[in-house]
Amino acid sequence: MKIVDLSRELYHRSPSYPGQPPIIHGVWKTHEEAFADSGNIQGNSVMFFSMPDHGGTHMDAPRHFGITGTPINEYPLENCIVPGICIDLRHIAPKAEFGPAELEAAVKKTGLPVPKGGTVLLCTGHHERTFPRKEYSTDNSGINVAGTEWLAKQGVVHFGIDSMRPGPEGKVNSLVHKACLELDITHIESLCNLEALIGKGQFTFIGLPMKWRGGTGSPIRAVAVFDL
């Protein structure tokens, strides 16, 4: 098999969504300190982290969209290992929205059907163009409500995108989140390296969330697995 990593690296103060807490990663105890504490037997270093449940590459739980939504600890794991395809939307201008026409054309170009019970990853090129500059937080293109409805009609359980939000910044993005709750699908944000999937065919997408009780989302280690 071949595994393609689609996850952002996490590090201290790596970009987080505007208005959310920062990602903090630090040393709790150094090897030298632990060595001394153990009576000079062994030094076990320990680090710690603090981050929002929407930090880095993550899955939104339906609970994020509304109080009636499923929290991340109850989200079906069957939806986290699914068939997927990646479509090329790099021609869409920054901050622009795209919908059914653009999605249909991009899917047709792959020569593959949208996998029912699977996922569609939207390669906009945003991460590759802007990360980690400030434009990464603001200038993404994104899907609109009609496009979200179109994907749901194809039978996906979720979709993913290489930016911090599914829609362009502003009202459209809020409406897309609302639509996901109503359509009973979710989405994955802050993916990266989607360019490596273009033209490579169908894959198995794996993105398992942490079991945060009542969580509105969770970081995931997102990968695409190809059978060779």
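Structure first, text after, so check above.
Residues numbered from 1 in each chain as written. Predicted model: local features only at pLDDT ≥ 70, side-chain atom pairs only at ≥ 80, totals over all residues. Heavy atoms only, no water.

Q: Before we move on, could you go through the state of the cysteines and cite the residues and values that matter?
A: By definition, a disulfide links the sulfur atoms of two cysteines through a covalent bond. Under the definition given, this model contains zero disulfides. The thiol of Cys192 is not disulfide-bonded; the next cysteine sulfur, from Cys123, is found 11 Å away. (Disulfide = S-S within 2.5 Å.)

Q: So what's going on with the side chain of Asn144? Residues and values would help.
A: Looking at where Asn144 falls in the secondary structure, it is placed in the loop between strand S8 (142-143) and helix H5 (145-153). Judged by relative accessible area, which is 13%, Asn144 ranks as buried. Among the polar contacts listed, one links the side chain of Asn144 to the backbone nitrogen of Gly147, at a separation of 2.8 Å. Dropping the residues within four chain positions of it, Asn144 is found in contact with Glu97, Phe98, Gly99, Pro100, Val172 and Val176. (Helix = DSSP H or I, 4+ residues; strand = E, 2+ residues; numbered from the N terminus. Buried < 20%, exposed > 50% of the residue type's maximum accessible area, 1.4 Å probe, protein only. Polar contact = N/O pair within 3.5 Å; in protein donor to acceptor, adjacent residues only side chain to side chain. Contact = heavy atoms within 4.5 Å.)

Q: Which residues make up helix H3 (residues 100-110), and what are the values?
A: Here H3 has its buried residues at Leu103, Ala106 and Val107. Here the buried residues of H3 occupy an arc of 100° about the axis, which is enough to place them on one side. Along H3, exposed side chains directed more than 90 degrees from the buried face belong to Ala101, Lys108 and Lys109. Among the structural elements, strand S5 (81-88), strand S6 (97-98), strand S7 (119-123), S8 and H5 are those in contact with the buried residues of H3. Within two residues after H3, Gly111 carries a phi angle of roughly 75°, on the positive side. (Arc of directions from axis to C-beta.)

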